[in-house]
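# Fold and contact review
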Amino acid sequence: MSKRVYNFGAGPAMLPGPVMEKAKDEFLDYRGIGASVIEISHRSGDFMEIVEATDALLTELAGIPENYRILYVHGGAQMQFSAIPLNLIGRNPARKAAYVVSGNFAGLAAKEAARYGAIDTSHNSGASDFDRIPDFDPAAVDADSSYIHITSNNTIYGTRWGAFPDCGGIPLVADMTSELLSRRFEMDRFGVVFASLQKNLGPSGLAVVIIREDLLDHALPETPGLLNYRACADKHSLANTINTFALYMMRLVLEWLRDEGGVGAIEARNADKSALLYDVIDRGDFYRGTAHPPHRSHMNVTFTLADNDLLGAFLREAGDNGLYALKGHRNVGGARASIYNAMPVAGCRALAEFMLHFERSRG
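Rules used throughout
Residues numbered from 1 in each chain as written. Predicted model: local features only at pLDDT ≥ 70, side-chain atom pairs only at ≥ 80, totals over all residues. Heavy atoms only, no water. Core = buried A, V, L, I, M, F, W, Y, C linked by side-chain atoms within 4.5 Å. Buried < 20%, exposed > 50% of the residue type's maximum accessible area, 1.4 Å probe, protein only. Helix = DSSP H or I, 4+ residues; strand = E, 2+ residues; numbered from the N terminus. Contact = heavy atoms within 4.5 Å. Expected span 1.5 Å × (residues − 1). Arc of directions from axis to C-beta. Pairing = 2+ DSSP bridges. Axes fitted to C-alpha atoms, helices over the stretch in contact; angles between N-to-C directions. 1 Å grid on protein atoms, 1.4 Å probe; cavity = no way out; pocket = protein on both sides within 12 Å on 5 of 7 lines; lining within 4 Å. Points joined across faces, edges and corners; volume = space filled by probe spheres on them. Nonpolar A, V, L, I, M, F, W, Y, C, P; charged D, E, K, R; others polar. Phe/Tyr/Trp six-rings, centres within 6.5 Å; stacked < 30°, edge-to-face > 60°. Parallel < 35°, antiparallel > 145°, perpendicular 65-115°, else oblique. Left-handed = near helix turned anticlockwise from the far one by under 90°.

## Some details on the nonpolar core
For soluble globular proteins, nonpolar side chains are generally found buried alongside one another. In this structure, Leu 58, Tyr 72, Leu 180, Leu 181, Leu 201, Val 208 and Met 250 are the most contacted members of the largest nonpolar core, which totals 59 residues. A per-element tally of this core places helix H6 (residues 244–259) first, with 10 residues. Excluding residues within four positions of it along the chain, Leu 58 makes contact with Gly 63, Ile 64, Ile 70, Leu 181, Val 208, Ile 210, Met 250 and Leu 254. By size, the runner-up hydrophobic cluster in this structure holds 34 residues, among which are Ala 77, Phe 130, Tyr 157 and Val 173.

Below is the structure:
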């Protein structure tokens, strides 16, 4: 392969180059044991060392308090759309929960939760095509609700929560799939945080759940064994064979993030990266951002061209210049640059320069 492109795909997304190189070097012989990491038992001492090292790195980087447990679970984030209500909605006999619907995946999560109880979706920004986070007043939520669910960053629509709500005694649950470890936040504000790996944490096929210990014992009787958070916690996520390679890759990604300076350093870098693109979008009328500016994501920059007939040429020429996977989601159209932690500043600078060049040549 002669060169790597700048991969702006929304997920599975690009991984840090040093992580890919290390995985390549260790693939046939994992650290001198004579076998690949994908060939060893998930119950072996060598693999348990990977699990424990990943636990320690995630605890350090995310600032996880002692009264939380880390679970590695199958099925990505969408499996947790079922697991969350199965494990939490029974906290209160009323079986109620509130879902703030700020985009496609928040809506899917609410729809799945409705199988198990009464779901309040009155806080919803669908009327404005999800171009913003809806106004949300925790005091308006029924006090009998077992939890409040938010999606912290909306990959399709390019929006994010700038500040997280204080929900008082009702546990706050956050799907952080597209931004976990991209910015700092206080873990103790949340009862549960979950994320699939394929944006900022590793390859697809696995998710991480960070849950406060007092929320582990409320599973509905019909909860399948492998979706029961208590069973997962008691078995250290090894009730059956998990995606061992994905967890190994997650460890490498976390080591890379630590060596890059941690979450604070990557948060500042992400702000700089997104600013490069938003500055081009806002400089004139050729490009138009689709997200309400106060709610813009630092992970997914979404925009259209004023002349939509130019979109095909824009995407084609971008690809010719090594700027890969910029096509927007069908719900929004236009273009989308997903600039997760692994995207270097140079990639965003290259895209910004191409956007300016394309505007000069076609505007």
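That was the structure; now back to the text.
## Section: helix H9 (residues 345–362)
With 18 residues, H9 ought to run about 26 Å at 1.5 Å a step, and its terminal C-alpha atoms sit 26 Å apart, in line with that. For H9, the set of buried residues is Gly 347, Cys 348, Leu 351, Ala 352, Phe 354, Met 355, Phe 358 and Glu 359. In an axial view of H9, the angular spread of the buried residues amounts to 160°, which keeps them on one side of the axis.

## Digging into the pairing of strand E2 (residues 68–74)
Remark: a regular strand shows side chains that alternate across the two faces of the sheet. Burial of E2 is extensive: 5 of the 7 residues sit out of reach of the surface. Pairing analysis gives 7 bridges linking E2 to strand E10 (residues 206–212), with the strands arranged antiparallel. Note on E10: the bridge partner recorded for Tyr 72 is Val 208.

## Here we look at the sheet that holds strand E4 (residues 118–120)
Sheet architecture is open: 7 strands sit in the order E2-E10-E9-E8-E5-E3-E4, paired in mixed fashion. Two strands close off the open sheet at either side, each with one partner strand: E2 and E4. In this sheet, neighbouring strand axes are inclined to one another by 20° on average, regardless of whether the strands run parallel or antiparallel. For strand E9 (residues 192–196) and E10, the ladder comprises 5 bridges, and the chain directions are antiparallel. Considered in E10, the bridge of Ser 196 is made with Ala 207. Those strands touched by helix H2 (residues 45–62) are E2 and E10, and its axis lies near 125° from that of E2. Contacts from helix H3 (residues 76–88) reach E2, strand E3 (96–99), strand E8 (172–175), E9 and E10 within the one sheet, and its direction differs from that of E9 by about 155°.

## A word on the layout of surface pockets
One water molecule sets the probe size; rolling that probe over the atoms shows where empty space is left. In this structure, the largest pocket encloses a volume near 500 Å³. Considering the residues around the largest pocket, the lining is formed by 32 residues, among which Ala 10, Phe 105, Thr 155, Ile 156 and Lys 199 are closest to the centre. Mapped by element, the contributors of at least two residues to the lining of the largest pocket are H3, helix H4 (104–113), strand E6 (153–154) and strand E14 (335–338). Per element, the largest residue contribution to the lining of the largest pocket is 4 residues, and it comes from H3. In terms of residue class, the lining of the largest pocket is made up of 9 nonpolar, 18 polar and 5 charged.

## Regarding the packing of aromatic side chains
Under the counting rule described, the total for this entry stands at 18 aromatic pairs. Centre to centre, the rings of Phe 185 and Phe 190 are 5.5 Å apart; their planes meet at 85°, and the pair counts as edge-to-face. As far as burial versus exposure is concerned, Phe 185 and Phe 190 are alike and both buried.

## Some thoughts on empty space enclosed by the protein
Under the criterion given, the structure shown has 3 cavities of 30 Å³ or more. Within this model, the largest cavity holds a volume of roughly 90 Å³. For the largest cavity, the lining is made up of 14 residues, of which Leu 226, Cys 232, Ser 237, Ala 239 and Asn 240 are closest to its centre. Where the lining of the largest cavity is concerned, the elements lending two or more residues are E2 and helix H5 (229–234). Here the element with the most residues in the lining of the largest cavity is E2; it accounts for 3 residues. When its residues are assigned to classes, the lining of the largest cavity shows 9 nonpolar, 5 polar and no charged.

## Topic: the sheet that holds strand E11 (residues 287–289)
In spatial order, the strands read E11-E12-E14; together these 3 strands make up an open sheet with antiparallel pairing. Only two strands of the sheet have a single neighbouring strand rather than two, namely E11 and E14. In this sheet, neighbouring strand axes are inclined to one another by 30° on average, regardless of whether the strands run parallel or antiparallel. Pairing of strand E12 (residues 300–305) with E14 involves 4 bridges; the strand directions are antiparallel. By the bridge assignment for E14, Val 301 is matched with Ala 337. Sheet strands touched by helix H7 (residues 262–282): E11, E12 and E14. Its angle to E12, the strand with the most contacts, is close to 20°. The sheet contacts of H9 involve E11, E12 and E14, and relative to E11 the element is tilted by about 130°.

## Points about the packing of H3 against H4
One way to put it is that H3 packs onto H4 with a least axis distance of 9 Å and a crossing angle of 40°. Compared by their axis directions, H3 and H4 come out oblique. Crossing angle aside, the handedness with which H3 passes H4 is right-handed. For the pair H3 and H4, contact is made by Gln 78, Phe 81, Ser 82 and Pro 85 and by Phe 105, Leu 108, Ala 109, Glu 112 and Ala 113, respectively. Residues of the contact of H3 with H4, tallied by class, amount to 6 nonpolar, 2 polar and 1 charged.

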